[in-house]
Structure formats: structure tokens, C-alpha cells
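Tertiary structure, described
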Amino acid sequence: MPLPNRFYRDYKRLARQFCDGAVFTAIDTETTSLRPDSGNIIEIGAVQFDRNGILETFSQLINPGGYIPPQITAITGITPTMVSDKPAAAVVLPAFLRFIGKTIVVGHNINFDLSFIHEELIRSGISGFTNSAVDTLWLSRIAYPEFSSYKLQSLAEQLNIHVQEAHRALDDARVCMDLFFLCFKKLGVIEAATANQTQMSLF
């Protein structure tokens, strides 16, 4: 199904909102496969922030109600035992939606995460969300056109972003937030926000 989210295609408009104090939520999911029509979310993490830093966090393991392939466990470290007593997506997603509220959602290759979230919402009979969305994959290509790889962990290494638990939802969301800040710093947005100047020369 087509995603209803409004994706940012102009970082300057996004920068204005950042400087004006908009609240963002960086999100990440860990899943049982690469296909939302046949896979399930096993962990969801989110970091809510504004121009001054982190406001709140959300983290929850999810019982997918089925098989977790060994290769997924090898990547994420999430085992069937870890999720056996955790709530299903139908229980977790309403709390997640309340957490993100009307904030601007941020993610790396975010279409992947949103596809899984929307699919789980459909299965659970829950209305989807239509928050505006920012893809840091897109933003990092604008800020760092010289880089050869734009995978999240590769960007973290190139930009010296501290990684605590790679391929775990909450830490990946936090790394995504840090990447967002570094992109805006490179583009001159952070300096303008600090000076509380919403009309910058780059606009």
C-alpha cells in the first residue's frame, strides 16, 4: 500500500522548522525479514528531540507471534526467548503512536521502517499515522556528497558517532538522531539555530 506520510524533499524548509523549535522523533525497527508483507517487527525504538537535544525515549521488544530466523538473531542479538513474554504489535503500536504524537518522524532509509509499521497497523486494525517524515539517508547525501557509503553504521564510523548496540532499535534511533544533528551542523543549520536566527543566508 502507498505510504501516506509526507516526505521532506527540501532541507531548507525542514531547517526553518528545526530553528523554530519543532520536535522530532527518530525511529528504528528490527524485523524478522526484509519484506513487510511476510515479516514482523520484533523491536521498536524512538528518540524524541528538538534543537536542544533529547526529550524522551521509547523502546519495546515485540512478540512477532512466529519464527525469528537465526540470521536475524545473529544480526540483532534478539532471540525467541527474549520476546516470548513481550506484548504483540497490536498492544505496542498504540503506545508508540501516542509517543510520537504529531512530531516530525526521522529515520535512516525510513521507508523500510514505515512500511513495516504500516503493515503491522493494518494487521492490528489500527489507523495509520500521517506524520511528516525525514530520511537521513537523503539528508546525509546532501551534507556529505563525498562519502562512498551511506549505510547507517558506515556513516557512524565515518563521522565518529558512538555506537553502543548496532542493530538494536533504540541505539540505531539515537545514532540516527546524532546523524541528523551532524548533517545540520555541516549545512550550517545548528549555528543558526543556536543564534536563534530563522532567516539564514542559505534560505
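Residues numbered from 1 in each chain as written. Predicted model: local features only at pLDDT ≥ 70, side-chain atom pairs only at ≥ 80, totals over all residues. Heavy atoms only, no water.

1. Digging into the overall build of the protein
Across its full length, the protein holds nine helices and five strands. Secondary structure of the protein in N-to-C order comes out as α-β-β-β-α-α-α-β-α-β-α-α-α-α. Relative to the compact-globule value of 17 Å for 203 residues, the protein shows a C-alpha radius of gyration of 17 Å, a close match. Here the protein holds 203 residues, and 49% of them are scored as buried. In the protein, the proportion of contacts linking residues at least 24 apart, taken out of those at least 6 apart, comes to 69%. In the form shown here, the protein has an accessible surface area of approximately 9,700 Å², with 50% of it arising from carbon and sulfur atoms. Put simply, the protein has 17 plus and 20 minus side-chain charges, and the middle of one group is 6 Å from the middle of the other. (Helix = DSSP H or I, 4+ residues; strand = E, 2+ residues; numbered from the N terminus. Rg over C-alpha atoms; globule rule 2.2 N^0.38 Å. Buried < 20%, exposed > 50% of the residue type's maximum accessible area, 1.4 Å probe, protein only. Contact = heavy atoms within 4.5 Å. Areas by Shrake-Rupley, 256 points an atom, 1.4 Å probe, with all protein chains shown as cover. Lys, Arg positive; Asp, Glu negative; His and termini not counted. Charge placed at Lys NZ, Arg CZ, Asp CG, Glu CD.)

2. Section: the pattern of salt bridges
Tallying each qualifying case throughout the model produces six salt bridges. The residue Arg 174 makes a salt bridge to Asp 171 at a minimum N-O spacing of 2.6 Å. In this pair, Arg 174 and Asp 171 both sit in helix 8 (residues 169-186), three residues apart, roughly one turn of the helix. Exposure class is identical for Arg 174 and Asp 171. Each is buried. Because the salt bridges share partners, they merge into one network encompassing Asp 171, Arg 174 and Asp 178. (Salt bridge = Lys/Arg side-chain N within 4 Å of Asp/Glu carboxyl O.)

3. With respect to unusual backbone geometry
The phi dihedral of Asn 160 falls on the positive side, at around 60°, and the residue is not glycine. Summarising the element assignment, Asn 160 is placed in the loop between helix 7 (152-158) and helix 8. Overall, Asn 160 belongs to the exposed group, its relative accessible area being 72%. Despite not being glycine, His 167 has its phi angle at roughly 65°, a positive value. In this structure, His 167 sits in the loop between helix 7 and helix 8. On the basis of relative accessible area, His 167 is assigned to the partly exposed category, the value being 33%.

4. Brief notes about the side chain of Asp 50
Inspection of the secondary structure puts Asp 50 in strand 2 (residues 41-50). Among buried Asp, Glu, Lys and Arg side chains, Asp 50 stands out as unpaired, with Arg 51 the closest opposite charge at 6.4 Å. Here the side chain of Asp 50 touches Asn 52 through a polar contact of 2.9 Å, landing on its backbone nitrogen. Each residue touching Asp 50, except ones within four places of it in the same chain, is listed here: Phe 18, Gly 21, Ala 22, Leu 55 and Phe 181. (Polar contact = N/O pair within 3.5 Å; in protein donor to acceptor, adjacent residues only side chain to side chain.)

5. A short note on the nonpolar core
Membership of the largest hydrophobic core comes to 37 residues, with the highest contact counts inside it found for Phe 24, Phe 49, Val 106, Val 134, Leu 139, Phe 180 and Phe 184. Breaking this core down by element, the ones donating at least two residues are helix 1 (11-19), strand 1 (24-31), strand 2, strand 4 (104-107), helix 6 (136-143), helix 7 and helix 8. Counting residues per element, this core draws most heavily on helix 8, which supplies nine residues. Not counting the four nearest positions on each side in its chain, Phe 180 is found in contact with Leu 14, Phe 18, Phe 24, Phe 49, Val 106, Val 134, Thr 136 and Leu 139. Counting residues in each nonpolar core, the second largest holds 21 residues, with Ile 27, Leu 97, Ile 100 and Leu 121 among its members. (Core = buried A, V, L, I, M, F, W, Y, C linked by side-chain atoms within 4.5 Å.)

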